[in-house]
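Structural overview
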Amino acid sequence: MSQAEFQPLNIAVLTVSDTRDLDSDRSGQTLAGRIEESGHTVAERLVVPDCRYRIRAELSRWIADEGVNAVITTGGTGVTGRDVTPEAVRPLLDLEVEGFGEMFRWLSMQEIRTSTVQSRALGGIANATLVFVLPGSTGACRTAWDGILKDQLDARHKPCNFVTLMPRMRE
């Protein structure tokens, strides 16, 4: 049995915000930095307003692009009227990975205690593209990447990871 090798992924980053742009988007910058430090490529990085149709438009474009392996969104997962990212994303998913949101909230509990109940983080798969929806705080992005995504997007992580399953996601 051969040792698995690292497989770099093309990961798009979408920040959902009415107030940030690429220069002031620390959460997107944090994700992009961690993606590249881990050996992956940032396929594209955008900021869109809290509008479910703009979110769906960009996400749909990346899901349809066979050169994009994963999409990470940040922002719009709270409980206010403008927080629409989960509602924008869910209809596009072929499969929701419930464990991602559960694991994110469990990790967040260690850091922000019960405030984690206000997070509607989620993960899923659409057209064999991994999709992860994160809160907009820089801390949440660090928690998700360092605690879950770094390992799950690395083919060397045992006993299992998303990368080794990607060829079978089109079955």
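All figures in this text were calculated on a predicted structure; none of them were measured in a lab.

Next up on the list: the pattern of salt bridges. Following the criterion strictly, the structure yields 10 salt bridges and no others. The salt bridge involving Arg45 is made with Asp25; its shortest N-O contact spans 3.1 Å. One end of the pair, Arg45, is in strand β2 (residues 41-48); the other, Asp25, is in the loop between β1 (10-16) and α1 (26-37), with 20 residues separating them in the sequence. The two residues Arg45 and Asp25 agree in class, both being buried. With a closest N to O distance of 3.1 Å, Glu44 and Arg61 form a salt bridge. Placement of Glu44 in strand β2 and of Arg61 in helix α2 (residues 52-64) is noted, with a sequence separation of 17 residues between them. The class of Glu44 is partly exposed, set by a relative accessible area of 27%. Among the residues examined, Arg61 registers a relative accessible area of 39% and is labelled partly exposed.

Looking now at the packing of helix α4 (residues 98-112) against helix α5 (residues 138-152). Two elements in contact, α4 and α5, have axes separated by 10 Å at closest approach and are oriented at 120°. In this structure, α4 crosses over α5, and the sense of that crossing is right-handed. Where α4 abuts α5, its residues Phe100, Met103, Phe104, Leu107, Ser108 and Glu111 lie against Gly139, Ala140, Thr143, Ala144, Gly147, Ile148 and Leu149. The class makeup of the residues in the contact of α4 with α5 is eight nonpolar, four polar and one charged.

Our focus in this paragraph is the side chain of Asp25. For Asp25, a relative accessible area of 0% translates into the label buried. A polar atom in the side chain of Asp25 sits 2.9 Å from the backbone nitrogen of Gly28. Setting aside anything within four residues of it in sequence, one finds Asp25 in contact with Thr15, Arg20, Arg45 and Val47.

What follows covers the pairing of strand β6 (residues 129-134). For β6, the buried fraction is high: six of the six residues fall into the buried class. Side-chain alternation along β6 places Thr129, Val131 and Val133 on one buried face and Leu130, Phe132 and Leu134 on a second face that is also buried. Bridging between strand β3 (residues 70-74) and β6 involves five bridges; their strand directions are parallel. Following the sheet pairing, Thr74 is matched in β6 by Leu134. For strand β5 (residues 122-126) and β6, the ladder comprises five bridges, and the chain directions are antiparallel.

Here the focus is the sheet that holds β5. Strand order in this open sheet of six strands is β2-β1-β3-β6-β5-β4, and the pairing throughout is mixed. Each of the sheet's edge strands pairs with one partner strand only, and the pair in question is β2 and β4 (95-96). Against the sheet, α4 contacts β4, β5 and β6, and its axis sits at roughly 35° relative to β6.

A separate point is the pairing of β3. Sheet faces and side chains relate simply in a regular strand, where the side chains alternate between the two faces. Among the five residues in β3, five count as buried, and that is most of the element. Burial of β3 is two-sided: the residues Ala70, Ile72 and Thr74 facing one way and the residues Val71 and Thr73 facing the other way are all buried.

Relative to the helices and strands, Ile11 resides in strand β1. The class for Ile11 is buried, based on a relative accessible area of 0%. Discounting residues that sit within four places of it in the chain, Ile11 has contacts with Ile35, His40, Thr41, Val42, Ala43, Glu44, Ala70, Ile72, Trp145 and Leu153.

Criteria and thresholds
Residues numbered from 1 in each chain as written. Predicted model: local features only at pLDDT ≥ 70, side-chain atom pairs only at ≥ 80, totals over all residues. Heavy atoms only, no water. Salt bridge = Lys/Arg side-chain N within 4 Å of Asp/Glu carboxyl O. Helix = DSSP H or I, 4+ residues; strand = E, 2+ residues; numbered from the N terminus. Buried < 20%, exposed > 50% of the residue type's maximum accessible area, 1.4 Å probe, protein only. Axes fitted to C-alpha atoms, helices over the stretch in contact; angles between N-to-C directions. Left-handed = near helix turned anticlockwise from the far one by under 90°. Contact = heavy atoms within 4.5 Å. Nonpolar A, V, L, I, M, F, W, Y, C, P; charged D, E, K, R; others polar. Polar contact = N/O pair within 3.5 Å; in protein donor to acceptor, adjacent residues only side chain to side chain. Pairing = 2+ DSSP bridges.

Worth remembering: the numbers are spatial, not functional.
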